[in-house]
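Examining the three-dimensional arrangement
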Amino acid sequence: MATPSKRVTSPRMLSTSSFALANANERSLALCELLQPIEDASHTRDRKRSPPDSACMRGTRLEVIRKVGAWTSSCILIDGEPHLCWMHGYVGSGKSAISLEICTKSESQGQPVASFFFFRNAGDRSRIWRFATTVAHQMAAVVPETAPFVRAAATASPALKNFPSPVTSVAMQMQRLVYGPFKLAADRGPIESLASRPFLIVIDGLDECEDKDEVGELIDSMLSFFDDNPFIPLRIFITSRVEQHIQSRLDVPGVHFHDLVGHCSDDDITAFLEVLFQDAGRRSPVIRAYVREHGEWPTLSEKRKLVHHIGGSFIFASAVFKFIMGSNAPRKDLTTPMDRLPLALKMNPGLDGLYAQTLVRSENIPHFHNIISTVALLWTPLPTSGIAEVLGIRTYEVVNALVTCKQSSRFLGLMTFPSHSAIPPSVTFLPSKVDRADSSHIPVIMSTFTFALSSANSNFVVGGRAWLFTETESAIRLCRETLALHPSSPELIQALADAVCRRAPKMISRVDLEEAISLYRQALLLEPPGHEGRWLSLHQLGLALKEYHGRTGDMSDLEEAISMYREALELRPSPHPERSVSLVNLASSLRARYQRTRGIADLEEASLLGREALELRPSPHPDRPYPLKNLSLSLEDMHAATGALSDLQESITLCEELLDSHFPVGHDDRVKTLGRLADLLRKRFRATRQEKDLARSNALEDEFSRLSASTSAT
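Computed from a predicted structure; not experimentally measured. (Residues numbered from 1 in each chain as written. Predicted model: local features only at pLDDT ≥ 70, side-chain atom pairs only at ≥ 80, totals over all residues. Heavy atoms only, no water.)

**Describing the sheet that holds strand β4 (residues 234-240)**
Spatially, β2-β3-β4-β1-β5 is the arrangement adopted by the five strands of the open sheet, whose pairing is parallel. Only two strands of the sheet have a single partner each, and these edge strands are β2 (113-117) and β5 (255-259). Sheet twist, expressed as the average angle between the axes of neighbouring strands with direction ignored, equals 15 degrees. Judged from the five bridges that link them, strand β1 (residues 84-88) and β4 form a sheet pairing that is parallel. Within β4, the residue paired with Trp 86 across the bridge is Ile 238. Set on the sheet, helix α4 (residues 62-73) makes contact with β1, β3 (199-204), β4 and β5; between it and β4 the angle comes to about 150 degrees. On the sheet, helix α7 (residues 131-142) packs against β2 and β3 and is oriented at approximately 155 degrees with respect to β2. (Pairing = 2+ DSSP bridges. Helix = DSSP H or I, 4+ residues; strand = E, 2+ residues; numbered from the N terminus. Axes fitted to C-alpha atoms, helices over the stretch in contact; angles between N-to-C directions. Contact = heavy atoms within 4.5 Å.)

**Observations concerning the environment of Arg 706**
Relative to the assigned elements, Arg 706 resides in helix α34 (residues 691-713). For Arg 706, a relative accessible area of 54% gives the class exposed. Each C-alpha atom of the pair Arg 706 and Val 671 lies 9.4 Å from the other, and the pair is 35 residues apart in sequence. (Buried < 20%, exposed > 50% of the residue type's maximum accessible area, 1.4 Å probe, protein only.)

**Details of the pairing of β4**
Burial analysis of β4 places seven of its seven residues in the buried class, which makes it a mostly covered element. Neither face of β4 is open: one carries Leu 234, Ile 236, Ile 238 and Ser 240, the other Arg 235, Phe 237 and Thr 239, and all of them are buried. The pairing of β3 with β4 spans five bridges and is classified as parallel. What sits directly across from Phe 199, in β4, is Leu 234. Crossover handedness for the path β3 to helix α10 (residues 212-228) to β4: right-handed. (Right-handed = clockwise from strand over helix to strand, strands pointing away.)

**A closer look at the pairing of β3**
Counting buried positions over the six residues of β3 gives six, a clear majority of the element. Neither face of β3 is exposed, since Phe 199, Ile 201 and Ile 203 on one face and Leu 200, Val 202 and Asp 204 on the opposite face are all buried. Alignment of β2 against β3, held across five bridges, turns out to be parallel. Among the inter-strand pairings, Ser 115 is bridged to a residue of β3, identified as Val 202.

**As for the confidence of the model for the chain**
Confidence along the chain averages 80 in pLDDT terms, with 78% of residues attaining 70 or more. Under a pLDDT of 50 for its full length, residues 451-470 has, in the predicted model, 28 contacts with residues more than four places off or in other chains. (pLDDT = per-residue confidence, 0-100.)

**A few points about helix α32 (residues 645-662)**
The end-to-end C-alpha distance of α32 is 25 Å, a good match for the 26 Å that 18 residues give at a rise of 1.5 Å each. Buried within α32 we find Asp 647, Leu 648, Ser 651, Ile 652, Leu 654, Cys 655, Leu 658, Leu 659 and His 662. Angularly, the buried residues of α32 cover 165 degrees about the axis, an arc narrow enough to put them on a single face. Across α32 from its buried face, at more than 90 degrees, point the exposed residues Ser 646, Asp 660 and Ser 661. (Expected span 1.5 Å × (residues − 1). Arc of directions from axis to C-beta.)

**Remarks on the pattern of salt bridges**
Applying the stated criterion across every chain, the model contains 36 salt bridges. For Arg 566, the salt bridge identified is with Glu 605, shortest N-O distance 2.8 Å. Placement of the pair is Arg 566 in helix α28 (residues 555-570) and Glu 605 in helix α30 (residues 600-615), with a sequence separation of 39 residues. Linking Arg 676 and Glu 636 is a salt bridge whose minimum nitrogen-to-oxygen distance equals 2.8 Å. Taken together, the residues Arg 676 in helix α33 (residues 670-688) and Glu 636 in helix α31 (residues 625-642) connect sequence positions 40 residues apart. (Salt bridge = Lys/Arg side-chain N within 4 Å of Asp/Glu carboxyl O.)

Printed below as a string of structure tokens:
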């Protein structure tokens, strides 16, 4: 009997013997089911439905395509060219069109090709997690010698597909599903499907992948694989903008690279426009009639001016052409392409004039100005549902506005860059409007600003990701710039104070607090009694003062906070939904003063306020835990001050409700509440000598210790 082969567990490479262990039933599954690839990410996708819809016009980009094509098809063993090629360029320079051309031309010459076109805000196509499975699925189809090894790897390790949620690193995915199977197929002898050409993987728009750390990991794994396998017949072509996390890894001696700026000539733009205008002339009876009467259109002089004006940007050339042809003009616009061409030539260089013209035509669409302003103001892109939430409108209204504009996908793509230095001139459309606007524009800025801050803060607390300092700094800078235009807006002053207070949880400095307190006081001066925003400013100023008191111990800050909370409470008579918030804040501040002065009257008032707050939050109100915890703490202090067992009994009851009904296993507050309840029960045991209190206290302490250790380990 043959001895079974040992299973290879090293992540560096899968051996042939490990594949033999795959279950026979699982092998019968279609490879598509095993890998769950993205179906619309390759060069064969329907570009109208799955952008970018970019293709090279005939006669354009010939030189760069020739150079890249020569590299893709050259022999690894003879020519010694690098396995990796990186082509970079700015927005609109034609990277995606060239990627598509390289894919289709290579395929037409019999070279196997797999591709992945990343695209921002396109769901899984903007993430890294299904990249490897998609490439592996394509590889198995065009290099069938690899298919058995891909299938066996996916069957042996189902987690490799990272679907429906990611659990495996992209480096491990690539090793097990792409590099490993390809090397195993190559090790068996010449791969017939290659026909002496390398297998080509095209990765377009890598900068549009949201997972920057994982992109770095992907590139590192590529370089490592090629270092270990210098003669493997595989080439990878990558396009992106120049971004630090990509450039720092690809701008190395072992990578062939092309700067697309150097390949973007006026001849290419001329050829591009020539094709577009010839096609338009055949289709448009207006242009045909004009040419019969006046001769050539556009004239050679007009074409030269357009080419010079466009300055090498294919996306700008396309947008200018659409403007001239009236692709986005409303039906009531009676101007002709001949009328619009001089307007295009008078626009300022860049996209400002073009988008100003396009957007002004759309200003009568419901909510259009607010929607586009929101898109421009957001630092992190939002889906249409998120924009609707910001503005308090329906998602279909956002979709209607963007679809009607017909520039939405192009415009949105241009508005989602990570820094002001990279944002194209079209973004200046909004500030130019703000400069001339009155305070009616502030609600849009405020809603966007507040939503972005709350989302970022929620991500830190709930999502578990590291807080990005630049996110808040960018929001603060935006608010300062807007506040300079509207210095008398209490809403903007308060928003800036909120942002300063929330730079990052537990990281706010005394200087930040001092600025926030000063800003809240300014806002209050602009919100006299009767102003609808006064309660919120009082509330926020009280919070900041109480926090500052905690840092400095200065009683004057606590006294002022109590004063703010008392006035705020008066502005929220029962049964106002925010009255409970004011009651809890005032009660908490009175407890804090009691702990410094030991004035029992503060504790008595805090207990009364706490009871009212709890009555306004009956079970199962989602905010009930706040007054529950507050009143339980006040009663615990009251028991310590007076020795009244009834206060201790009630404090325990409230604490038990917190634990049983609101803080289940896994809740962030469960551990602390376990410790508190165990301590309260031990106090009652000392007063009543009931063994059941001691037993339960011990059990709670055991759970407390176990969960604390688990939290520390993670």
